[in-house]
Amino acid sequence: MRKKLVIAACLACASAGPALAQGSGTKAPPPIDYSILHAQVILDHLGFSPGILDGRDGQSLVAALKGFQTSRGLPVTGRLDTRTLGALHPYRSLRPLKQLRLTADTLAGPYFRPIPKDPELQAKLPTLAYTRPLEKLAEMFHTTPEVLVELNPGGRTIEPGAEFVFPNALPASRDYPGDIKPEWRQTLNDLNVEAHQPEADHIVVDKSERVLKVFDRRDRLVAQFSATMGSSHDPLPIGKWKINGADTNPKFHYNPDLFWDARKDSDPAMLPPGPNGPVGVVWLDLSKEHYGIHGTPEPQNIGRTESHGCIRLTNWDAARLALMVKPGMSAIFQE
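Worth saying up front: this structure is predicted, and the values here are computed from it rather than measured. (Residues numbered from 1 in each chain as written. Predicted model: local features only at pLDDT ≥ 70, side-chain atom pairs only at ≥ 80, totals over all residues. Heavy atoms only, no water.)

Draft legend 1. Quick peek at the nonpolar core. One finds Leu212, Val214, Ile311 and Leu321 to be the most contacted residues of the largest nonpolar core, which totals 50 residues. For this core, the element with the most residues is helix H9 (residues 315–324), which contributes six residues. Contact partners of Leu321, with chain neighbours within four places excluded, come to Ile203, Leu212, Val214, Phe225, Leu284, Ile293 and Leu313. (Core = buried A, V, L, I, M, F, W, Y, C linked by side-chain atoms within 4.5 Å. Buried < 20%, exposed > 50% of the residue type's maximum accessible area, 1.4 Å probe, protein only. Helix = DSSP H or I, 4+ residues; strand = E, 2+ residues; numbered from the N terminus. Contact = heavy atoms within 4.5 Å.)

Pasting the structure below:
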């Protein structure tokens, strides 16, 4: 059995800049464009993650389109142009929306609301779980609570038996490897992660494009994820590193000495696992000490805020990546 990794500290587990939640500020977001949502759903299924499925244009969709276009030998425009639409057309049966009836298992907790911001208080919780069923459902369908409210107007009660509309993030298979831990299998299932993933040979984290790219042994781009990486205080460590291994549903050792913005009177704390923990649902340990690739409790902020040096993905993308990589694999960080 693989020895559980000990996360001594992560220089990227909390945002180093202000959070920019969807719809923040005075300007309301544009209405959902269902043509864009359809493209997002197809790209998400194909492994070229557009970030959250929200039916809106933006930098994450542009990056996903560029990755998809590169993988198909198309002109790299970052737009839904004619040739790109033609390449997406064979997957049109992946409809953008699914209407589903909620079950008790789907809505099962525990839930904790609010989750305290102080790490010392977080350490007293049994888990850094979702705060409410709506948040769990949003991550399950690769979106945000705000988008689910838009798709289901009228203030319907979230309860077993109720029918709701979701972005179509349902996987084709949940036949996860038989040797994985039951709690990790449950996490993959809760995040609607596709069981069959391409086998990675190496990954490239590209600072200028704000993406993590996955390549196979023939150096073909087979997946790509929007990512948050580094800041002026803790820049991305450019160079070639190795992936040591994965810690699923990890605990997190908060060490304030490693955070430039930590409170001076803050004490070390061991935080419990959970999707709302500082590193989300999985930690991919790197040969660069204190650095890793991991999930996040705030998927809407990926690529829009800074980190303390590590590479942060949405929880569902981090979980998907964990199924692709193996210990000893190269991780190249470039400008």
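Draft legend 2. Geometry of the environment of Gly55. Its place among the elements puts Gly55 in the loop between helix H1 (34–46) and helix H2 (59–71). Here the alpha-carbon distance between Gly55 and Pro96, two residues 41 residues apart in the chain, equals 9.4 Å. When residues no more than four places from it in sequence are discounted, the contact partners of Gly55 are Pro31, Ile32, Asp33, Ile36, Leu37 and Gln40.

Draft legend 3. Geometry of the pattern of salt bridges. Using the criterion set out here, one finds eight salt bridges in the structure. With a closest N to O distance of 3.8 Å, Lys207 and Glu335 form a salt bridge. Of this pair, Lys207 sits in the loop between strand E3 (202–206) and strand E4 (211–215) while Glu335 sits in the segment after strand E13 (330–334), and the two are 128 residues apart along the sequence. Residue class for Lys207 comes out partly exposed when judged on its relative accessible area of 37%. Taken together, the shared-partner salt bridges connect Asp44, Asp317 and Arg320 into one network. (Salt bridge = Lys/Arg side-chain N within 4 Å of Asp/Glu carboxyl O.)

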